[in-house]
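Report on the structure
So you can see what is in the structure, the chains are spelled out below.
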Amino acid sequence: MAKTERRDLSTATKAYVMAVFCLGAIVIFLSVSELSQHSLRWQVDWLRLAGLTLISGWLSVKLPSRRATISISETFVLAGTVLLGPGVGAVLVALDAAVLCTKEFLLGRGLRREQVAFNIAAPAVSIWFAALAAGLTQPTSAPELSPAFVLRLALFTALYFILNSGLVTIPISLEQREKPLKIWWANFRELWINFAAGASIAAFAANAKGVVNLAFIGVIVPLLVVIYVTYSWSTKRVQVERD
């Protein structure tokens, strides 16, 4: 049987995707430039987080709606942003998105070139601007879990969630000609749980002397595996009930 040809994206959607991609490319370029200016010891810290992000990125779960994916790698993305600044967060989330796109390809769910470009750029834009808006502009070494820090982390996480889900909602709305809020409510509203869980663990990481060592990995990895198994099991149950 011949494969069904994909419908071309509308002009408005293509323009929107291109705008987000260009903005994301600028953010990633500025972030990589910033990373290259730090010391070797600092590079080791962010490369550890990059490795954890790349590995955990494969443990993602596609939601029944097929329009959103949850991943435990958000923990390391959020921790990297809090500890090392928005530049690291933008690069980590771009790497995570690249892993998700690769996984989709290997599973036979190839994405359009526009989708790949958008999926990598949009999260980078979201986390970078969210961090700046929340005042996380500089690396933070082992911050205390004070009310001020918790509030700033909550604000950053909320802004990141809203920006990221909002950017994804718009092209779907343009293609389906439905109200953005309706699409967001049906597909993305429950993702806040994943972001909140990631922020909570990121707070622990930030408070653990500001380093990601073997002791931290040994404590946090089992918890992340449990979260992944729970996500996977819950999604399969929902899918079975729908079928």
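Residues numbered from 1 in each chain as written. Predicted model: local features only at pLDDT ≥ 70, side-chain atom pairs only at ≥ 80, totals over all residues. Heavy atoms only, no water.

1. Describing the environment of Thr-13
To keep things clear, this is the line we draw: Under the DSSP-based scheme used, a helix requires at least four consecutive residues in state H or I and a strand at least two consecutive residues in state E, with every element numbered from the N terminus. Exposure is judged per residue with a 1.4 Å probe applied to protein chains only, and the accessible area is read against the type maximum: over 50% gives exposed, under 20% gives buried, and values in between give partly exposed. By definition in these notes, contact holds between two residues if any of their heavy atoms fall within 4.5 Å.
Relative to the helices and strands, Thr-13 is located in helix H1 (residues 11-35). You can call Thr-13 buried: its relative accessible area is 2%. Expressed as a C-alpha distance, the spacing of Thr-13 and Leu-174, which sit 161 residues apart in the sequence, is 6.2 Å. Beyond its immediate chain neighbours, meaning those up to four positions away, Thr-13 contacts Pro-171, Leu-174 and Glu-175.

2. A short note on the nonpolar core
Cut-off, in case you're wondering: Throughout, nonpolar core names a set of buried Ala, Val, Leu, Ile, Met, Phe, Trp, Tyr and Cys residues whose side chains join them through atoms within 4.5 Å.
Ranked by internal contacts, the top residues of the largest apolar core, which has 47 residues, are Trp-46, Phe-156 and Tyr-160. For this core, the secondary structure elements donating two or more residues are H1, helix H2 (40-56), helix H3 (74-84), helix H4 (86-106), helix H5 (113-133), helix H6 (147-176) and helix H8 (192-207). In terms of residue count, the dominant contributor to this core is H5 (9 residues). The residues contacting Trp-46, other than those within four sequence positions of it, are Leu-35, Leu-84, Val-88, Val-91, Leu-92 and Leu-95.

3. Here we look at the environment of Lys-103
Filter applied, for reference: Think of a polar contact as two N or O atoms within 3.5 Å of one another; within protein, one of them needs to be a possible hydrogen donor and the other a possible acceptor, and neighboring residues in sequence only count if both atoms come from side chains.
Within the secondary structure layout, Lys-103 lies in helix H4. Exposure remark for Lys-103: the relative accessible area of 17% places this residue in the buried category. A sequence separation of 45 residues divides Lys-103 from Trp-58, and the C-alpha atoms of the two residues are 7.0 Å apart. Not counting residues up to four positions away in its chain, the partners in contact with Lys-103 are Trp-58 and Ser-60. A polar side-chain atom of Lys-103 sits 3.0 Å from the main-chain carbonyl oxygen of Trp-58.

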